[in-house]
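# Topology and contacts: notes
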Amino acid sequence: MTTPSPSDPVALELALALRATREALDERDAELEASRAKRAELVTELEATKTTLEATNTTLEALQALHPTKIDGNVACAIFSHLKEPKDRDALASWLEKASELGHVGATHDLAVYYENGTGVDKDEAKAIELHVNAAGLGNSISAQRLGHCYEDGECGVAVDKKEALKWCRVTVELGYTYAQCKVDRLEAELAATHTN
């Protein structure tokens, strides 16, 4: 394209507008091409994910077919994290029970929560407390913290017992959840105040 002479301002303005439009179209073409490349990349990624999921489901079915005595707690928990249907969660409690019996700390804590809430099992607060104690003994700070809450507020079928709450809050801190130290300090202050009155 030839550039119009500067003596024709209208033609010059139109030529500049045309050049700007072509540059904008070239930019849009480049963006469109990048978008197409990204889409192709996402389609490839999606296909790889589908393949992985199909393999995972096959592996999950194979794991579920194993006899419970051949499954350790880590495998049991991995199986349950993939359960999609609520009806499958009813079976979860029995598998968590098996994993808990094998000493799996996460399964023991999860089973305590199931008994506490009646998820997949009949609600049994005494069993929940027992399992929280076991999980805390295995090193689960969340169960220790939950026991502190239960005894402080009289939850999960236990009476309010500030000394027992303090004990479990201290265990929580010992297990590495240092944020519970403020609760330890508060309970110590409350107990000290009740002894001086």
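Residues numbered from 1 in each chain as written. Predicted model: local features only at pLDDT ≥ 70, side-chain atom pairs only at ≥ 80, totals over all residues. Heavy atoms only, no water.

## Let's talk about the confidence of the model for the chain
Confidence along the chain averages 81 in pLDDT terms, with 77% of residues attaining 70 or more. Here helix 2 (residues 73–81) stands out as the element of the chain with the lowest mean pLDDT, 56, in contrast to helix 5 (residues 125–137), whose mean of 96 is the highest. (pLDDT = per-residue confidence, 0-100. Helix = DSSP H or I, 4+ residues; strand = E, 2+ residues; numbered from the N terminus.)

## Brief notes about the nonpolar core
Nonpolar side chains tend toward joint burial in soluble globular proteins. Of all hydrophobic cores here, the largest spans 30 residues; its most connected members are I129, Y151 and W168. Elements supplying a minimum of two residues to this core: helix 3 (86–101), helix 4 (105–117), helix 5, helix 6 (141–153), helix 7 (162–174) and helix 8 (181–196). Examining the composition of this core, we find that 6 residues originate from one element, helix 7, more than from any other. When neighbours within four sequence positions are excluded, I129 is seen to be in contact with L147, C150, Y151, C156 and V158. (Core = buried A, V, L, I, M, F, W, Y, C linked by side-chain atoms within 4.5 Å. Buried < 20%, exposed > 50% of the residue type's maximum accessible area, 1.4 Å probe, protein only. Contact = heavy atoms within 4.5 Å.)

## As for unusual backbone geometry
Unusually for a residue other than glycine, C156 sits at a positive phi of about 60 degrees. Within the secondary structure layout, C156 lies in the loop between helix 6 and helix 7.

## A look at the packing of helix 4 against helix 5
Direction vectors running N to C along helix 4 and helix 5 enclose 160 degrees, while the axes themselves pass 8 Å from each other. The angle between the axes of helix 4 and helix 5 places the two elements in the roughly antiparallel class. In the crossing of helix 4 with helix 5, the sense of the turn from one axis to the other is left-handed. Counting all contacts with helix 4, which are made through V105, T108, H109, L111, A112, V113, Y115 and E116, the residues of helix 5 involved are E125, K127, A128, L131, H132, N134 and A135. Its residues assigned to classes, the contact of helix 4 with helix 5 comprises 8 nonpolar, 4 polar and 3 charged. (Axes fitted to C-alpha atoms, helices over the stretch in contact; angles between N-to-C directions. Parallel < 35°, antiparallel > 145°, perpendicular 65-115°, else oblique. Left-handed = near helix turned anticlockwise from the far one by under 90°. Nonpolar A, V, L, I, M, F, W, Y, C, P; charged D, E, K, R; others polar.)

## A closer look at helix 7
An α-helix turns once every 3.6 residues. As a result, residues three or four positions apart point the same way. For helix 7, spanning 13 residues, the distance from its first C-alpha to its last is 18 Å, which sits close to the expected 18 Å at 1.5 Å a residue. The complete set of buried residues in helix 7 reads A165, L166, W168, C169, V171, T172 and V173. Against helix 5, helix 6 and helix 8 lie the buried residues of helix 7. Of the residues that open helix 7, the one with a side-chain oxygen 3.2 Å from the backbone nitrogen of K163 is D161. Looking one or two residues beyond helix 7, the residue adopting positive phi is G176, at roughly 110 degrees. (Expected span 1.5 Å × (residues − 1). Polar contact = N/O pair within 3.5 Å; in protein donor to acceptor, adjacent residues only side chain to side chain.)

## Considering helix 4
The first and last C-alpha atoms of helix 4 sit 19 Å apart over 13 residues, in line with the 18 Å expected at 1.5 Å per residue. Within helix 4, burial applies to A107, T108, H109, L111, A112, Y114, Y115 and E116. Positive backbone phi, approximately 75 degrees, marks G118, located one or two places after helix 4.

## A word on the environment of D161
Of note, D161 is situated in the loop between helix 6 and helix 7. Residue D161 is classed as partly exposed on the basis of its relative accessible area of 31%. Expressed as a C-alpha distance, the spacing of D161 and Y151, which sit 10 residues apart in the sequence, is 5.2 Å. Only 3.2 Å separates the side chain of D161 from the backbone nitrogen of K163, close enough to count as a polar contact.

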